[in-house]
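# Residue-level structural notes
Given next are the chains, with one letter for each unit.
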Amino acid sequence: MSRHLTWFNITALVLGFSFLYIPILLLVIYSFNASRLVTVWAGFSTQWYWALLENEQLLDALWVTLRVAFLSSVVATVLGTMAALALTRYGRFYGRTLFSGMTYAPLVMPEVITGLSLLLLFVAIGFERGFWTITLAHITFTMCFVAVVVQSRLVTFDRALEEAALDLGCPPLKTFFTITLPLILPAVLSGFMLAFTLSMDDLVIASFTTGPGATTLPMRIYSQVRLGVTPEINAICTILIGVVALAVIIASAVAKSQDARRTREEQAAARG
């Protein structure tokens, strides 16, 4: 089977990447625009980054978003990992089908339905909407993504390593933290990063479950875009793009370093 690139493949690849990344590139470029009109270039300037520091509404929304994303992704990672362990290790237990369906339901459920159902729940129990309702809502819909990622790793996990530790007298809990968790840690961290990203990006569910004093950054940006995009929005989006790009580069470097170290250890063990 031929694997050579053709002009059709190259053209499709260029068009695809252009469609994805040219709008992001334009946003970054126009964040340095001296004009207040984001569609008219008036020269290079960093004034909107300094103006962003004085925009308390955007900064407050960013702080709320970061706190919600961190708390919800931490809890979702713990619960998702536990759900993946239950589905992988305990076979056909009673209620497995119901448990599996409830775990993965938010994965395929439209966000509008999820947000509306959570809103009705919070209203029915009299829970005041605000920061904690958004956090609980984000835990609900991000946990399933963590469970999928971790479960895919556990399916290919070599349980002989755990059995060897147990045979040598290691307690089950200590076996998990010393043997299992370090080996599945890349999947757990991937699930955490995915949950964090989804939480930061969410608009629909947060709009249903928010309350006074709990406006997230996507909600703030959406409310301002309806009145017209301001240069401060371009600036804060560019900062977020830079942070994400840096995190991806660091994660890739760490993964390559771990792979190289694992390869060296395997080669040393083979020589020994």
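Note: the structure precedes this text.
Residues numbered from 1 in each chain as written. Predicted model: local features only at pLDDT ≥ 70, side-chain atom pairs only at ≥ 80, totals over all residues. Heavy atoms only, no water.

## Considering the overall build of the protein
Here is the rule we go by: The numbering of helices and of strands both runs from the N terminus, where a helix is a DSSP run of H or I of at least 4 residues and a strand a run of E of at least 2. We compute the radius of gyration from the C-alpha atoms alone; for a globule the expected value is 2.2 Å times N to the 0.38, where N is the number of residues. Type-normalised accessible area, obtained with a 1.4 Å probe on protein chains alone, sets the label of each residue: buried when under 20%, exposed when over 50%, and partly exposed for intermediate values. Residue contacts follow a heavy-atom distance rule, with two residues in contact if any of their heavy atoms lie within 4.5 Å. What sets the accessible areas is the Shrake-Rupley method with a 1.4 Å probe; for residues, cover comes only from the shown protein chains.
In terms of helices and strands, the protein carries 11 helices and 0 strands. When the elements of the protein are put in sequence order from the N terminus, they spell out α-α-α-α-α-α-α-α-α-α-α. Here the C-alpha atoms of the protein give a radius of gyration of 23 Å, more than 25% beyond the 19 Å that 2.2 N^0.38 yields for 272 residues. In terms of overall dimensions, the protein has a C-alpha envelope of 70 × 60 × 40 Å along the principal axes. Considering the protein as a whole, with its 272 residues, one finds that 33% of them fall into the buried category. Taking all contacts inside the protein whose residues are at least 6 apart in sequence as the whole, residues at least 24 apart take part in 70%. For the protein, the exposed surface amounts to about 17300 Å²; the carbon and sulfur share of it is 70%.

## Regarding the pattern of salt bridges
We apply this condition: Each salt bridge in this description consists of a side-chain nitrogen of Lys or Arg and a carboxyl oxygen of Asp or Glu lying within 4 Å of one another.
Per the stated rule, a full pass over the model turns up 1 salt bridge. Of the charged contacts, one joins Arg-159 and Glu-162 as a salt bridge, the two residues approaching to 3.5 Å between their closest N and O atoms. Judged by relative accessible area, which is 40%, Arg-159 ranks as partly exposed. Using a relative accessible area of 6% as the deciding quantity, one classes Glu-162 as buried.

## Thoughts on the nonpolar core
This is how the line gets drawn: Side-chain atoms within 4.5 Å are what join buried Ala, Val, Leu, Ile, Met, Phe, Trp, Tyr and Cys residues into a set we call a nonpolar core.
One finds Tyr-49, Leu-52, Leu-58, Ala-61, Leu-62, Leu-217, Ile-221, Ile-233, Ala-235, Ile-236 and Cys-237 forming the largest nonpolar core, which totals 11 residues. Elements with a contribution of two residues or more to this core: helix H2 (47–52), helix H3 (56–89), helix H10 (217–225) and helix H11 (231–271). Sorting elements by how many residues they give to this core places H11 first, with 4 residues. In this structure, Tyr-49 is in contact with Ser-31, Phe-32, Ala-235, Thr-238 and Ile-239, ignoring residues within four places of it in sequence. In this structure, Ala-84, Leu-85, Val-146 and Ala-195 belong to the second largest nonpolar core, which totals 9 residues.

## So, the packing of helix H7 (residues 160–167) against helix H8 (residues 172–201)
Note the following rule: Angles here are taken between N-to-C directions and fall from 0 to 180 degrees, while the axes themselves are lines fitted to C-alpha atoms, restricted in helices to the stretch in contact. Working definition: roughly parallel below 35 degrees, roughly antiparallel above 145 degrees, roughly perpendicular at 65 to 115 degrees, and oblique for all remaining angles. Here is the rule for handedness: rotate from the far helix to the near one, and if that takes an anticlockwise turn smaller than a right angle the crossing is left-handed, while a clockwise turn gives right-handed.
Packing of H7 against H8 leaves a shortest axis separation of 10 Å and a crossing angle of 150 degrees. Classified by the interaxial angle, the pair formed by H7 and H8 is roughly antiparallel. Here H7 and H8 pass one another in a crossing that is right-handed. For the pair H7 and H8, the contacting residues are Leu-161, Glu-162, Ala-165 and Leu-166 in the first and Pro-172, Thr-175, Ile-179, Thr-180 and Leu-183 in the second.

## Quick word on the layout of surface pockets
Quick note on the threshold: Grid points spaced at 1 Å and placed over the protein atoms alone form the basis of the search, with a cavity being a set where a 1.4 Å probe fits but cannot get out and a pocket an open set showing protein on both sides within 12 Å along at least five of seven lines. Lining residues have an atom within 4 Å of a point. Grid points are joined across faces, edges and corners, and a volume is the space filled by probe spheres set on the points. The nonpolar class holds Ala, Val, Leu, Ile, Met, Phe, Trp, Tyr, Cys and Pro. Asp, Glu, Lys and Arg form the charged class, and all remaining residues, Gly among them, are polar.
Space inside the largest pocket adds up to approximately 900 Å³. The wall of the largest pocket is formed by 27 residues, among which Thr-197, Met-200, Leu-240, Ile-241 and Val-244 lie closest to the centre. Of all the secondary structure elements, the ones that give two or more residues to the lining of the largest pocket are helix H1 (7–30), H3, H8, H10 and H11. The element contributing the most residues to the lining of the largest pocket is H11, with 9 residues. Class assignment for the residues of the lining of the largest pocket results in 25 nonpolar, 1 polar and 1 charged. The wall of the second largest pocket is formed by 18 residues, among which Leu-185, Pro-186, Val-254, Gln-258 and Arg-262 lie closest to the centre. Elements represented by at least two residues in the lining of the second largest pocket include exactly H8 and H11.

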